[in-house]
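Spelled out from the first residue to the last, the chains are:
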Amino acid sequence: MWSRLKYLISFFITVWAFAILQKPVFMLYNAQHEYSFGDYLEVMLHGAGLDATTTGYLTIFPFIVIIASVWFRHMPFRKLLLPYYIIIMLLLSLIFISDMSLFDFWQTKLDASVFIYIDSPRNALASVSGKFIAIRVAAILILTAIMTLLMCLFTPRQLPKVNMIGQQMLATICALPIGGLLFLVIRGGIRVSTANVGDAYYSSDQFLNMSAVNPVFSLLSSTSKQKRYEDEFNFYDEPTRKRLMQGLYGKSDAATTYVLNTARPNILVIFMEGFGATMVEKLGGQAGVAPNLCKLADSGVFFSRAFANSFRTDRGTVCTFSGYPGLPTMSVMKVPNISRTMPNIASTLAKAGYKTDFLYGGDIDFTNMRSYLMSGGFQHITSQDDFSLSDRNYSKWGVPDGTTFNRLYDMLKERDGKSPWFTAFLTLSSHEPFEVPFKKFADDHYNAFAYTDHCIGEFISKFRKLPQWRNTLIVLLPDHGIPYPKEGERFSPRFFRIPIIWTGGAVSKPMTFEKIINQTDLAATLLAQLGLRHDDFAFSRNVLSATYDEPFAFYTFDNGFAFLDNSGVSVYDNVSDKVFFRVAPDGDRVSKGKAILQTLYDDLGRRNSPKARK
């Protein structure tokens, strides 16, 4: 029995060590500043528990084979386990390399959200070069080969035979405590709670916490989430939740400040990919990147303290057009049964007589966007399929903004003015891989955003000369911010702050609105300007109403949220159940944020019910 136990211990230690040693590699690849040697050790130490749990699951099959070998004396032990080694090491290497590589793009550990994008692999891979992919595929194969070979070295071809029935029974009984120990390792010990992602959290530095989390465990635990949304985030009883929500999302349009000179303007939303405040000098961002946005802010209605509600385009699109805050554990756009129940600015305007359309130079089916837009009231969609192959060949992500803005201009100049129109245009050049036909900055990030700003300036300059300008409201806002430059806390308000600008001939006069607002507030604020009801936008506020007297912003990231008001900001992590970033004492900010999150998931549960989906 000793030879079998020796093999099992060798297998466990090898796989466990592989998981632990991934952590310093992950940190070296993704760290935004230098960490001490002690930090690396602490990450490995605090993550070792989840690594052991993951290894425990992978040890179940070898344990079963060992028990079987007691009874089947001629079992080809190594030959039987070799396919298993190849499969698990290929999967472990794939997850490790993917987690390490995607973190720079997504700023979060690998979780079930990867399956949102895996059904469109061509688009998901468009953000990176062929060399980038080739290097990582090679790394996966090399790691798989090395680790498989290593495990074969300590795996005997055959185990010693156990001939007597009594010896077989005794060996099986002796194996039971080993199975019990393996169960405890998988469970995470004898405590009441079982192993969970929060076990690895130990620091106020979120990067260190995320570095400690085992990516396999993170991925598997996130895929096992229940679909009864109303059962998630039940922080409070119903009376307490209602009390905390009181007054947060008021619906009154009393004494609205009207900033338009017409009740039925044409509306163009320029939805700017990732164009956060760090790219806008007027908001404290990099100088020279967005001079045209800064000029438009000075001459139009500028919402100077606006914050995005989420961190990805699929979520930010729903935030903007449905007035629905981003969620920390799911993408509404990817769940048609829910997304089609959402209100939408396009749908409301279509009922008011507007012609509606959406323009995007990329793949409109990525993350189920087409389904969301069409069910939300956009009557016509123009995407990369409507451009020539030569237009699409410059960047893997899609048609460069300059070309798409030219198409937008050609579309708008042909409109006869017989009925009002609502057009939304999602830009894409300020997205990885930042390939643009423009050179202003050596830094690829700044250069790509400068290109989009340049295209906006060129378009506005031409559009001003058309008769359509006089009756058009142009709304400029991004889908989300960007955590760049890579410094400071990645989930702080700095990286969620965004510019929102209203310009065009329909704007009556320049104005700067200095109260805190959210991206989701566009729906109610815009519809109120047109005298249209917006009651179905439950999480959107008319911020130009005199009743908007509790200004705050709420945003989410991967299983966390932030609540920001005039008293300060609290950034809360749901996994570790604590605030990891704050400005000023928390007060009731965390309680209000929890109440919003609970309310959102209760609402999802109602929308996901058979009655709501009919």
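Our structure's up above, just so we're on the same page.
Report on the accompanying structure. (Residues numbered from 1 in each chain as written. Predicted model: local features only at pLDDT ≥ 70, side-chain atom pairs only at ≥ 80, totals over all residues. Heavy atoms only, no water.)

1. Quick word on the packing of helix 17 (residues 401-413) against helix 18 (residues 444-463)
Here helix 17 crosses helix 18 at 20°, and the two axes come no closer than 9 Å. If you check the angle between helix 17 and helix 18, you find them roughly parallel. Of the two possible hands of crossing, helix 17 and helix 18 adopt the one that is right-handed. Residue-level inspection shows Asp401, Gly402, Phe405, Asn406, Leu408, Tyr409 and Leu412 of helix 17 in contact with helix 18, the latter providing Tyr451, Thr452, Cys455, Ile456, Phe459, Lys462 and Phe463. (Axes fitted to C-alpha atoms, helices over the stretch in contact; angles between N-to-C directions. Helix = DSSP H or I, 4+ residues; strand = E, 2+ residues; numbered from the N terminus. Parallel < 35°, antiparallel > 145°, perpendicular 65-115°, else oblique. Left-handed = near helix turned anticlockwise from the far one by under 90°. Contact = heavy atoms within 4.5 Å.)

2. Let's talk about unusual backbone geometry
Of note, the bond from Glu432 into Pro433 is cis; its omega dihedral lies within 30 degrees of zero at 10°. With respect to the element layout, Pro433 can be found in the loop between strand 5 (421-426) and helix 18. Pro485 follows Tyr484 through a cis peptide bond whose omega is 5°. Summarising the element assignment, Pro485 is placed in the loop between strand 6 (472-478) and strand 7 (497-503). Phi is positive for Phe233, which is not a glycine, with a value near 55°.

3. Some remarks on the sheet that holds strand 12 (residues 568-573)
Strands sit in the order 10-11-12-13 across an open sheet of 4 strands; the sheet is antiparallel. Looking at the sheet topology across the chains shown, the edges are occupied by strand 10 (552-557) and strand 13 (578-583). Mean inter-strand twist for the sheet, computed between neighbouring axes without regard to direction, equals 15°. Pairing between strand 11 (residues 560-565) and strand 12: 6 bridges, direction antiparallel. Pairing of Leu564 across the sheet is with Val569, part of strand 12. Against the sheet, helix 20 (residues 589-607) makes contact with strand 10, strand 11, strand 12 and strand 13, and its axis sits at roughly 125° relative to strand 11, the strand it touches most. (Pairing = 2+ DSSP bridges.)

4. Observations concerning helix 18
Compared with the 28 Å implied by 1.5 Å per residue over 20 residues, the 28 Å span of helix 18 between its first and last C-alpha is a close match. The element helix 18 is extensively covered by neighbouring structure, given that 15 of its 20 residues are classed as buried. At the N-terminal end of helix 18, a side-chain oxygen is found 2.8 Å from the backbone nitrogen of His445, two or three residues along, and the residue is Asp443. (Expected span 1.5 Å × (residues − 1). Buried < 20%, exposed > 50% of the residue type's maximum accessible area, 1.4 Å probe, protein only. Polar contact = N/O pair within 3.5 Å; in protein donor to acceptor, adjacent residues only side chain to side chain.)

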